[in-house]
Amino acid sequence: MQGGREGGEEGAPPPSTDALKRRWRWRQRPAPGLTSAMSSAAGPDPSEAPEERHFLRALELQPPLADMGRAELSSNATTSLVQRRKQAWGRQSWLEQIWNAGPVCQSTAEAAALERELLEDYRFGRQQLVELCGHASAVAVTKAFPLPALSRKQRTVLVVCGPEQNGAVGLVCARHLRVFEYEPTIFYPTRSLDLLHRDLTTQCEKMDIPFLSYLPTEVQLINEAYGLVVDAVLGPGVEPGEVGGPCTRALATLKLLSIPLVSLDIPSGWDAETGSDSEDGLRPDVLVSLAAPKRCAGRFSGRHHFVAGRFVPDDVRRKFALRLPGYTGTDCVAAL
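Residues numbered from 1 in each chain as written. Predicted model: local features only at pLDDT ≥ 70, side-chain atom pairs only at ≥ 80, totals over all residues. Heavy atoms only, no water.

Peer 1: Account for the overall build of the protein, naming residues and giving values.
Peer 2: Within the protein, the secondary structure is distributed over 11 helices and eight strands. Taking as baseline every contact in the protein between residues at least 6 positions apart, the subset at least 24 positions apart corresponds to 71%. (Helix = DSSP H or I, 4+ residues; strand = E, 2+ residues; numbered from the N terminus. Contact = heavy atoms within 4.5 Å.)

What follows is the structure in structure tokens.
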């Protein structure tokens, strides 16, 4: 290092992963007399410090973008993403940037490219992805609202589903909430004719999950009947006008509720890029980002933000330069 700058000479190659790990451990040495799982006299013990273990794992999974070859970047969206981040990082050390920047938020084009990668190259099935996301969404609900802490009334969950893919995720979420001993009810005003949606609807009906024929316009009736609401109406890139009047009216009702609201992937009605309508639109208490946070998540100000992306393979994380949090144990979601 020269001049006190961690990155060394401008243009010098980035430090190796081993060097970054040594530097991280050196910085965490405590002042005399202070010890903790993260900073002990003998250096941090990864077995006692899950936070550091996840951080060091991230170092292994996220090579400096300067080392990423063009062969790894198959889409224009990904290439431009990498170029922007290389320019933004500039002289700041890669270690500092990873530590300070937090998770990467994806544009709609980047999220679509990641999904194509999973479907076409990794041969994930569409139903498989919907199942993974719906199950993880239900797990996120259990973490934000643990069943033992809820009264009988608070266990009742209204899941509002739209006709697009987010609605399919909502149907799976409702089914898993029933398995987890919550009491879900589904409002699905504009039913899709897609075979996947029909299959998921049948599964919920066979599990005796009630479907509402209409959503009361009297907001207080909903507040009194349910403990929380799951918003699975619109996903990224879907405008309210595209899904019909019943869904639009349902969103207008959801804005007025006083009970907790959980939005899947993005709050319905928000622009996935800018978060426009975040002031006048839905204000969820919990956001569950699917695969990776979308750009509008930067404007989320609720109590809990989870990412459900453990199913994303390590190579795909590297290719799309994702900085996702470490997952604890067998958890399929992580808190941001």
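That covers the picture; the talk isn't over yet.
Peer 1: Could you give an account of the nonpolar core, with specific residues and numbers?
Peer 2: Counting residues in hydrophobic clusters, the biggest one holds 56 residues, and the most contacted among them are Phe 145, Ile 186, Val 230, Val 262, Val 288 and Val 333. Broken down by element, the residue count for this core peaks at nine residues, all from helix H6 (residues 126–144). Residue contacts for Val 288: discarding those within four places in its chain leaves Ser 137, Ala 140, Val 262, Ser 263, Leu 264, Asp 265, Phe 306 and Ala 308. Grouped together as the second largest cluster of nonpolar side chains are 19 residues, Leu 158, Val 219, Tyr 226 and Leu 257 included. (Core = buried A, V, L, I, M, F, W, Y, C linked by side-chain atoms within 4.5 Å. Buried < 20%, exposed > 50% of the residue type's maximum accessible area, 1.4 Å probe, protein only.)

Peer 1: Tell me about the pattern of salt bridges, and please be specific about residues and values.
Peer 2: According to the stated counting rule, one finds 10 salt bridges in the structure shown. In this structure, Lys 319 and Glu 117 form a salt bridge, with 2.9 Å as the shortest nitrogen-oxygen distance. You can see Lys 319 sitting in helix H11 (residues 314–319) and its partner Glu 117 sitting in helix H5 (residues 108–121), a full 202 residues away along the chain. One connected set of salt bridges, linked through shared partners, spans Glu 110, Glu 273 and Arg 295. (Salt bridge = Lys/Arg side-chain N within 4 Å of Asp/Glu carboxyl O.)

Peer 1: Account for the pairing of strand E2 (residues 183–187), naming residues and giving values.
Peer 2: For E2, the buried fraction is high: four of the five residues fall into the buried class. With helix H8 (residues 195–206) bridging E2 and its parallel neighbour strand E3 (residues 211–212), the resulting β-α-β unit is right-handed. (Right-handed = clockwise from strand over helix to strand, strands pointing away.)

Peer 1: Which residues make up the sheet that holds strand E6 (residues 286–290), and what values go with them?
Peer 2: Strands sit in the order E3-E2-E1-E4-E5-E6-E7-E8 across an open sheet of eight strands; the sheet is mixed. Bordering the open sheet on either side are E3 and strand E8 (334–335), each of which pairs with just one other strand. Here three bridges tie strand E5 (residues 261–264) to E6, and the two strands are oriented parallel to one another. Pairing of Ser 263 across the sheet is with Leu 287, part of E6. (Pairing = 2+ DSSP bridges.)

Peer 1: For H8, give the residues involved together with the corresponding values.
Peer 2: For H8, with 12 residues, the first-to-last C-alpha span of 16 Å sits near the 16 Å given by 1.5 Å per residue. On the buried face of H8, the contacting elements are H6, helix H7 (165–179), E2 and E3. N-cap assignment for H8: the residue whose side-chain oxygen lies 3.0 Å from the backbone N of Leu 196 is Asp 194. Just past H8, the residue Asp 208 takes up positive phi, approximately 60 degrees. (Expected span 1.5 Å × (residues − 1). Polar contact = N/O pair within 3.5 Å; in protein donor to acceptor, adjacent residues only side chain to side chain.)

Peer 1: Can you break down the side chain of Lys 294 residue by residue, with the values?
Peer 2: With respect to the helices and strands, Lys 294 occurs in the loop between E6 and strand E7 (304–308). With relative accessibility at 4%, the residue Lys 294 sits in the buried group. The residues touching Lys 294, leaving out its near neighbours within four places in the chain, are Cys 105, Gln 106, Ala 111, Pro 236, Asp 265, Ile 266 and Ala 272.

Peer 1: How would you explain the environment of Ala 109 if you had to name every residue and give the values?
Peer 2: As for its position among the elements, Ala 109 is in helix H5. Classification of Ala 109 as partly exposed rests on a relative accessible area of 44%.

Peer 1: Give a description of unusual backbone geometry that names residues and reports values.
Peer 2: Positive phi, close to 75 degrees, is recorded for Glu 181, a residue that is not glycine. Inspection of the secondary structure puts Glu 181 in the loop between H7 and E2. We classify Glu 181 as exposed; its relative accessible area is 58%. Positioned with a positive phi, Asp 208 is a non-glycine residue whose angle comes to about 60 degrees. With respect to the element layout, Asp 208 can be found in the loop between H8 and E3. According to the relative accessible area criterion, Asp 208 is exposed, its value standing at 60%.

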